Amino acid sequence: MTVAAGPSEAVPAPPADAAPTTPTSHVEIIPLGAAQEVGRSCVIVRFAGKTVMLDCGVHPGFSGLASLPFFDVIDMSSVDVMLVTHFHLDHSAAVPYVVGHTNFRGTILMTHATKAITSTLLRDFVKVSKGGADAGLYTEADLDASLERTHVINFQQTLCVNGIGITAYRAGHVLGAAMFMVEIAGQRILYTGDYSRVPDRHMPAADTPSPPPHIVIVESTYGVSRHLPRAERESRFLQRIHTAVARGGRVLLPVVALGRAQELLLILEEHWAAHPELHGVPIYQASGLAKRAISVYQTYIEMMNADIQAAFAVANPFAFRHVTHLRSARAFDDVGACVVMATPSMLQSGVSRDLFEAWCGDARNLVVIADFAVQGTLAREILAGPAEVLTRAGARVPLRCQVDAISFSAHADFPQTSGFLDTLAPPHVVLVHGEAGEMARLARALESAAAAAGRPRAVYTPRATQAVLVAATPARPALLRGGAAAAGAKPGAALAGVYVAAPGAGGVAAPPPPPLILEPEDLPRYTRLHTGRVTLRQTLALHAPFDQVRLALELLFEGVHGAGDLALVSSDQGATANDREGAPVAPQILRVGEAVTVSYDPASAPGRLTLEWQGGPGADAVADAVVAVVLGAGPAPPPRLSRLDAARAEALRGGDGEALARVEAELVEALLSAQFGPAATDPETGLTFLEVDGAHVLVDCKSRGVRCADAGLKARVERAITRLEAAMRACPLEG
């Protein structure tokens, strides 16, 4: 068994052939709940800058804030999307809290049926919580806000949220329950939520997703246990109930209002219809929520199995003839044998707890736990067979009634989970939603089975908030088309072409078409794009005779071709030389490296030449080289600068600070004049005047102060002076 990596632990090493050969990052999986426990399902998946929250429920064994997942360990504002697998409270009841009391700003996604039932279920949760330990978790306004943020998805449908691909598959657990395949940067992560691979009376089996995922996050509720066959389970359930009511006993079936309740009602209705001797024994459904939700079941009949759909074509299978709705425990006439289906399933409060305390002392009575009994609840406690139980009033009463566990829980057992993972063959499996012991046994069994089959499989059993890190390389899949496809692609080889990807639509949308890699000439054929050319033109000052520039270019490049009479340009002509007396100078044009055209026309643009080329990596490189040649072919420095530079060197050698300051002030004036235009210095004040584009600048070359009404020009001059001073400073030598 591979233990997950926590904040201070090493990253677990997966099988060598299970991980990418050159990993650049990790898929990070952090359970905020349902980690080595059953309850408050909530898992965070992070990869390539995206964050997904999978489920958001409460723990049935705790109340108030203690029942919530550990939201404080992550930045909720970073969550892009929340995926809710089904309506059970341990998977959905914390959603309004997240919307109303955290900085979560993402999208919520669930199936149509899950949204419809969650709305009813959580509204009832808010009402029941008033005055109790869960009061104040959130309000109906928070619930309404969460429903407004909720989008719906169909089975087998793929949607895209902020670059995250999401596909819903049937989970088979309850009406509307979904597994979610999440795809981020080429990595596929499947989250099963609660699922069942075996059909029952009203729900089909879970789907097998395709293509297979790289990582599966799967429930481990029943560990290595095996469910009884459905026929045997139903027979035992009915036999126990029939025997109990025949001896005058009362039968309590604590259930979740929606899901297993409907399955058990279908079984009881069929049995009562086939046994007239039971018609005098009433069956009560003590849940107004379950009664209201029947309309949702009728609406989404197409999400159920073929048997129910066929029955619905004849008559409504949920219109029960032998089941009576019980408004409240006070309205119940507790006389004689009966069967009562009441909530909640774990006996922690409500009608089921009231009836249990009233009936537990009579040996004729029977309690059947038909769902998974969560640790820390009364349902789990009575399965251990204690002699006494503690009532809510604090009294100890004897437990004389019969208690049996006959699981109709639509959770996968070991054969289902192992077969499912063998089919998908993911190299990485993360176990959640299971108690620590069952989870550990399941992990060992799954790893042993994979090793025996020669199949790579790393199994992780993280604790709450403990990160699982799976090495992965973000991928950018694309399709080759046209000439790029004809050239083919070899593993590890570079691809040349234009990468074309559709922009994201934003929000919740259908996935964009896959990106393409095309030859430029194929763009009009496969896209609405067309190739274009960018012509670049640059004009440079010419500080040397043009024939000198041409000679430098011919020495550097092969294939410099020209037109025009260079003989007409004398060797002593500079950039600003006029034509020789009476002799016109023809324009000069050079073609350098079949990439750059150099034009010089002393008649229209004396002292300047122009470069022109088509933009592209090769032509840009040639143009850069030509610019370097032109700028490097300059005349010697002006005599004044040479004189000042020599005087400064002399002042430095002699240690004459006053002479050095005077010479450097003259250097600043000369260099400013070269950069900004002619400068005039007042001999009395020592201030230098510049005029740049009509704006006046006053510079104190000794103090380096600058005054100018134009703030932008003032800043330019100050920067120039700062750079000039830096150029005059000696470079420090450090050994």
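Residues numbered from 1 in each chain as written. Predicted model: local features only at pLDDT ≥ 70, side-chain atom pairs only at ≥ 80, totals over all residues. Heavy atoms only, no water.

If you check an unreviewed UniProt entry, the protein chain appears there as Cleavage and polyadenylation specificity factor subunit 3 from Auxenochlorella protothecoides. The heading Subcellular location (unreviewed entry) in the UniProt record of the protein chain holds the text "Nucleus". (UniProt positions renumbered as here; feature names shortened; annotations may be inferred.)

Draft legend 1. The arrangement of the overall build of the protein chain in detail. Helix and strand counts for the protein chain stand at 19 helices and 35 strands. A compact globule built from 735 residues should have a C-alpha radius of gyration of about 27 Å, whereas the protein chain, at 41 Å, is more than 25% larger. Dimensions along the principal axes, computed over C-alpha positions, put the protein chain at roughly 135 × 65 × 50 Å. Every one of the 735 residues in the protein chain was classed for burial, and the buried ones make up 48%. Long-range contacts, defined as pairs at least 24 residues apart, comprise 68% of the intrachain contacts of the protein chain with a sequence gap of at least 6. When the accessible surface of the protein chain is totalled, it reaches about 33700 Å², and 53% of it is carbon and sulfur. (Helix = DSSP H or I, 4+ residues; strand = E, 2+ residues; numbered from the N terminus. Rg over C-alpha atoms; globule rule 2.2 N^0.38 Å. Buried < 20%, exposed > 50% of the residue type's maximum accessible area, 1.4 Å probe, protein only. Contact = heavy atoms within 4.5 Å. Areas by Shrake-Rupley, 256 points an atom, 1.4 Å probe, with all protein chains shown as cover.)

Draft legend 2. Looking closely at the pattern of salt bridges. Tallied over the entire structure, the rule returns 24 salt bridges. For the salt bridge of Glu140 with Arg123, the shortest nitrogen-to-oxygen distance reads 3.0 Å. Of this pair, Glu140 sits in helix 4 (residues 140-148) while Arg123 sits in helix 3 (residues 112-129); the two residues are 17 residues apart in sequence, bridging distant segments of the chain. Of the charged contacts, one joins Asp362 and Arg364 as a salt bridge, the two residues approaching to 3.0 Å between their closest N and O atoms. For Asp362, a relative accessible area of 23% puts it in the partly exposed group. By relative accessible area, which is 38% here, Arg364 ends up partly exposed. Salt bridges sharing partners connect three or more residues here, namely Arg201, Arg230, Glu234 and Glu270. (Salt bridge = Lys/Arg side-chain N within 4 Å of Asp/Glu carboxyl O.)

Draft legend 3. Structural detail: the sheet that holds strand 32 (residues 679-681). Sheet architecture is open: four strands sit in the order 32-33-34-35, paired in antiparallel fashion. Only two strands of the sheet have a single partner each, and these edge strands are strand 32 and strand 35 (705-707). Adjacent strand axes in the sheet meet at a mean angle of 25°, parallel and antiparallel pairs treated alike. In this sheet, strand 33 (residues 687-692) lies alongside strand 32 in antiparallel orientation, the contact comprising three bridges. Counterpart to Ala679 in the pairing with strand 33 is Leu690. Its contacts with the sheet put helix 18 (residues 657-676) on strand 32, strand 33 and strand 34 (695-700), and the angle it makes with strand 33 is roughly 5°. (Pairing = 2+ DSSP bridges. Axes fitted to C-alpha atoms, helices over the stretch in contact; angles between N-to-C directions.)

Draft legend 4. Looking closely at the sheet that holds strand 24 (residues 498-500). Spatial strand order, 23-26-24: three strands in an open sheet with mixed pairing. Because the sheet does not close on itself, it has two edges, and the strands there are strand 23 (479-480) and strand 24. Bridging between strand 23 and strand 26 (residues 516-518) involves two bridges; their strand directions are parallel. In the strand pairing of strand 26, Leu480 is matched with Ile517.

Draft legend 5. Quick look at helix 6 (residues 260-274). In this model, helix 6 (15 residues) spans 22 Å end to end at C-alpha, consistent with the 21 Å of a helix rising 1.5 Å per residue. Judged by how many residues are buried, helix 6 sits mostly within the fold: 12 of 15 residues are covered. For helix 6, the full list of buried residues reads Arg260, Ala261, Gln262, Glu263, Leu264, Leu265, Leu266, Ile267, Leu268, Glu269, His271 and Trp272. (Expected span 1.5 Å × (residues − 1).)

Draft legend 6. Local environment of the pairing of strand 20 (residues 428-432). Of all five residues making up strand 20, five are buried, and the element is well covered by its neighbours. The side-chain alternation of strand 20 yields two buried faces, one formed by His428, Val430 and Val432 and the other by Val429 and Leu431. Inspection of the sheet shows strand 11 (residues 215-219) paired to strand 20 by five bridges, in the parallel sense. Bridged to Glu219 within strand 20 is Val432. Following the chain from strand 20 across helix 12 (residues 436-452) to the adjacent parallel strand 21 (residues 458-460), one finds a crossover that is right-handed. (Right-handed = clockwise from strand over helix to strand, strands pointing away.)

Draft legend 7. Inspection of helix 7 (residues 288-299) at higher detail. Looking at helix 7, one finds that the buried residues are Leu289, Ala290, Ala293, Ile294, Val296 and Tyr297. Viewed end-on, helix 7 has its buried residues packed into an arc of 170°, placing them on one side of the element. (Arc of directions from axis to C-beta.)

Draft legend 8. Local environment of the packing of aromatic side chains. Applying the stated criterion to the full structure yields 10 aromatic pairs. Aromatic pair Tyr222 and Phe372: ring centres 5.5 Å apart, planes at 80°, arrangement edge-to-face. With a gap of 150 residues between them, Tyr222 in the loop between strand 11 and helix 5 (230-246) and Phe372 in the loop between strand 16 (366-369) and helix 10 (378-383) connect regions that are remote in the sequence. For the pair Tyr222 and Phe372, one class covers both residues: buried. Ring pairs connect the aromatic residues Tyr284, Phe332 and Trp359, which therefore count as one cluster. (Phe/Tyr/Trp six-rings, centres within 6.5 Å; stacked < 30°, edge-to-face > 60°.)

Draft legend 9. Inspection of the nonpolar core at higher detail. Among the nonpolar cores identified, the biggest contains 103 residues, and Leu175, Ile217, Phe237 and Leu268 are the most heavily contacted of them. The dominant element in this core, judged by the number of residues it contributes, is helix 6, at seven residues. Counting 32 residues, the second-largest nonpolar core is a separate cluster that includes Leu32, Met76, Met110 and Val126. (Core = buried A, V, L, I, M, F, W, Y, C linked by side-chain atoms within 4.5 Å.)

Draft legend 10. Here's a closer look at the environment of Gln675. With respect to the helices, strands and loops of the structure, Gln675 is situated in helix 18. Along the chain, Gln675 and Arg457 lie 218 residues apart, while their C-alpha atoms are 70 Å from each other.

Draft legend 11. Seen up close, the domain arrangement of the protein chain. According to the domain assignment, the protein chain contains domain 1 (26-225 + 411-471), domain 2 (230-405), domain 3 (477-482 + 498-526), domain 4 (535-569 + 585-633) and domain 5 (639-728). The distance between the C-alpha centroids of domain 2 and domain 3 comes to 56 Å. (Domains from an automatic or database assignment.)

Draft legend 12. Main features of the packing of helix 3 against helix 7. Between helix 3 and helix 7, the least distance of the axes is 10 Å, while the angle of their chain directions is 170°. Overall, the two elements helix 3 and helix 7 adopt an arrangement that is roughly antiparallel. Between helix 3 and helix 7, the residues in contact are Ala116, Ile117, Thr120, Leu121 and Asp124 and Leu289, Arg292, Val296 and Tyr297, respectively. For the contact of helix 3 with helix 7, the class distribution of residues is six nonpolar, one polar and two charged. (Parallel < 35°, antiparallel > 145°, perpendicular 65-115°, else oblique. Nonpolar A, V, L, I, M, F, W, Y, C, P; charged D, E, K, R; others polar.)

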